[in-house]
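The primary structure of each chain is shown beneath.
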Amino acid sequence: MKYTRLAVAGLAAAVTVIGVSPLVSPATAQAPAVTTFTPPASTYTPPRTPWGDPDLMGVWDYQTVIRMQRPMDLAGKARFASDAEYLAWAKVNAPNRDSMGAGVGAYNEFWNERNFVKNLNTSLIVDPPDGRYPPLTPQAEQRRKEILSKAREYASWEDYHALERCLATHTPNGPQAYNSGTYIMQSPGWIMIVRERLDTRIIPLDGRPHIGSNIRQWNGDSVGRWEGSMLVVETTNFTDKQRMGGASGTSVPAGIPFGNFKVTEYFVPVSAERIEYYATVEDPTTWTRPWTFNLPWERDRDYRILEYACHEGNIALGNSMRGERVLEAEAAKKGEAGK
Amino acid sequence: MSITKIAGAVAFGVVCLAVGWSTAQTPDQGIRRTRDGKPDLNGIWQAMNTANYNLEDHGTEPSQVILTGAVGAVFPGDSVVEGGPIPYRPEALARREQNRKNAMPKTMGRHLDIDPEVNCFLPGVPRATYLPHPFQIFQSPEVVWISYQYSYARREIPIGKPTEAPIESYMGWSNGRWDGDTFVVDVTAFTDQTWLDRSGNYHSEALHVVERYTPLGPNHLMYEATIEDPKTFTRPWRISMPLYRRMDRNVRLLEYKCPEVVEELHLQEFRKVTQVR
Amino acid sequence: MTRSRLVAALVAALVEAGGVPLAAHHNAAPLFDQTKTIELEGTVKVWRLSNPHPLLILDAANEKGEKVECGVSFGNAAGTALRRRGWTPETLKVGEVVTAKGNPARAADVCGIDSAVLTRADGRPVP
């Protein structure tokens, strides 16, 4: 990897690559299965806001050691048998990073200041039941090859991920290594989800239609409703410029545009301190069937959301592009000299 | 009144309740209140003036970027500053004049001496209030959040015991309280990186702003902001303006993630130029 | 771009690149030489504890005795991480003399120190 590219990868604010997922295989010729995901119900009833909605207000966090896809060596095992088994696995497999200091060498960070939410599932993906992404369609596989081969040139800012451009993290709210504190705020007819890093999502609950199809947004357009104590949010109108993978932190295959996604999120409060969050991603032009991941959210009463002035200090992006041009020029000179 | 008209009136009332109007008042009379008796500031609001061009009196002027013609020109407007011009210290006024000359860039690139709005940098307070964009207020008894359509500008304003800022920020550190029917916000810990308008009015990191949001009716707020900065001004001074509830059907904030629209301006020189052989 | 502006831009670039939280420990390696350590005394010119990019610039002198601006960064630490370690906006004052020890910038003609540890003039550690 070129050095300046690493500098910009750094700007992807504490994104932990929690397991680079291997390429998903293209679909073989078979009828796509149509499945709908129903989240497990909960008997917990949260307190109510003054106007009668379930009250989820406050700061939540969802750091996790669990990867999106079930590791191959855990195939067939959907859950850890006990807390002890989960902890033992986490100690060995938690993401590595340096602490502050002069490059002492990576160490396992499970036991330091980060706040991993306990999760006994062996993968975040809970549907399909094998805990792995469904196959890509042949057209999606072809498209991602084209996107990735072009993006490697870093010809333009468009070849960088939305995070490196300080535009968006991503919706659905996938895992994130740092600055992942997320504030849920509510008012009559609305709910707002503020991720500390870049994404503020404001969701009307009055049953209004989505915005017009010519308006495409990095976090899409969301409309929500309460079903009992469960919040259901449907999001469409994503822009194709938003892509999975790269620095997204969800360790998904890179080069998949969001433009045709329909995302359905389910927020299921299961206790005063925990929400089971599920997100179903549907795009028949990309995957042969929808898939769903489950990411538990936990309250963090000590976390105060701060400003995240990403773009204001984003010199790294220009630095990276400048570096790419320098390297290209040097390579061209060598090519000339060799003639 | 006939039965059908009564039924129609009841149906209309049901619809009004369904769109979230409290039963505590009739539309267009009095102010809305939340269940704990405070004025209800929830909703989507926007200023409707030209303060963002220039807080002081300003007539029509062409843009510094002549190619934009009348689209980029400065619209005229009365001062929103109470009691005369902004009371700059003499040496600080010279800097304002320099800012004014430099407001629009003359070349491509990422310039730090121009109006930060050109760069899509966070606007600070009070400028975020009178940008030409709506913002949405979320209110609970414990906290008020304001989310601005512009970029990712947002503020958390806890109500109650004030806390100290852990960091410096563009949007400042806000503490809120109620003073009768007025919501008062005390804002400190600013960086010095924001301007107060497009005409070079600015401040130092010593800026201290006190905002007051007072309902005038169900669809109007009066917004006042007192600006204090002993490094820049000889005394505190105040601006005021009405804020209007956005009444458009299904109105919602849309994405104005303007870091994207300035990538060409900031990064064009680093873009790969494909050689044609 | 004049030479001094280029230097300032590169200083800022180093400061910014070092001041964002980094996922992999080797992200800083291209811009900073992690096999070397230098120590530099300077006067605080800019100190801003903002998130995610804290900004610290020292006025210092190079080997030739020429005045340079030196960007100081803190490895993986974002503003919030520094805050957790006890840094505040008042930790450093403009005009204060400090010594910064850390990995030097690789680029010639650019003064930068990453993964810095700071001490005050009287030897007390910062923060």
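Treat the numbers as computed from the prediction; the structure is a model and nothing was measured.

**Student:** Outline the pairing of strand 8 (residues 220–228) of chain B, supporting the account with residue identities and numerical values.
**Tutor:** All names here are of chain B. The alternating pattern of strand 8 places Leu221, Tyr223, Ala225 and Ile227 on a buried face and His220, Met222, Glu224, Thr226 and Glu228 on a face that is not buried. By the bridge criterion, nine bridges tie strand 7 (residues 208–217) to strand 8 in an arrangement that is antiparallel. Counterpart to Pro215 in the pairing with strand 8 is Leu221. Between the end of strand 7 and the start of strand 8, which pair antiparallel, lie two residues.

**Student:** Provide a residue-level description of the environment of Arg238 of chain B, including the pertinent values.
**Tutor:** Residue and element names in this part refer to chain B. Along the chain, the position of Arg238 falls in strand 9 (residues 237–245). The spacing of Arg238 and Ile227 is eleven residues in sequence and 6.0 Å in space, taken between C-alpha atoms. For Arg238, the contacting residues outside a window of four places in its chain are Glu82, Glu224, Ala225 and Thr226.

**Student:** Lay out unusual backbone geometry with the relevant residues and their values.
**Tutor:** Most peptide bonds adopt trans geometry, and most residues besides glycine take a negative phi value. Residue and element names in this part refer to chain A. Geometrically, the link from Asp127 to Pro128 is a cis peptide bond, its omega value of 10° lying close to zero. Structurally, Pro128 can be placed in the loop between strand 4 (125–127) and helix 3 (138–151). Note the cis peptide between Thr171 and Pro172, where omega equals 10°. The phi dihedral of Leu198 is positive, around 80°, even though this residue is not glycine.

**Student:** Account for the nonpolar core, naming residues and giving values.
**Tutor:** In this structure, Met192 of chain A, Val144 of chain B together with Cys70 and Ala100 of chain C are the most contacted members of the largest nonpolar core, which totals 130 residues. If sequence neighbours within four positions are ignored, Met192 of chain A has contacts with Met185, Thr200, Arg201 and Ile202 of chain A together with Phe138, Trp145 and Ser147 of chain B. Grouped together as the second largest cluster of nonpolar side chains are eight residues, Tyr154, Trp157 and Ala316 of chain A together with Phe270 of chain B included.

**Student:** Kindly report on the environment of Ala51 of chain B, identifying the contributing residues and their values.
**Tutor:** Residue and element names in this part refer to chain B. Looking at the secondary structure, you find Ala51 in the loop between strand 1 (43–47) and helix 2 (90–102). Spatially, the C-alpha atoms of Ala51 and Pro126 are 11 Å apart, while their sequence positions differ by 75 residues. Excluding residues that lie within four positions of it along the chain, Ala51 makes contacts with Gly77, Val80, Tyr130, Asp197 and Met241.

**Student:** Any details on the sheet that holds strand 3 (residues 143–148) of chain B? Residues and values, ideally.
**Tutor:** Residues and elements named next belong to chain B. Spatially, the nine strands line up as an open sheet ordered 4-3-2-1-9-8-7-6-5, and their pairing is antiparallel. The sheet is open, and its two edges are formed by strand 4 (154–158) and strand 5 (173–179), each paired on a single side. Taken pair by pair, the neighbouring strands of this sheet meet at an average axis angle of 25°, ignoring direction. For strand 2 (residues 135–139) and strand 3, the ladder comprises five bridges, and the chain directions are antiparallel. The partner of Phe135 across the bridge, within strand 3, is Tyr148.

Rules behind the numbers
Residues numbered from 1 in each chain as written. Chains lettered and ligands numbered in written order. Predicted model: local features only at pLDDT ≥ 70, side-chain atom pairs only at ≥ 80, totals over all residues. Buried ≥ 20, exposed ≤ 12 C-beta atoms within 10 Å, placed from the backbone. Helix = DSSP H or I, 4+ residues; strand = E, 2+ residues; numbered from the N terminus. Pairing = 2+ DSSP bridges. Contact = placed C-beta atoms within 7 Å. Core = buried A, V, L, I, M, F, W, Y, C linked by C-beta atoms within 7 Å. Axes fitted to C-alpha atoms, helices over the stretch in contact; angles between N-to-C directions.

Everything listed here is a matter of coordinates, which is why it stays silent on function.
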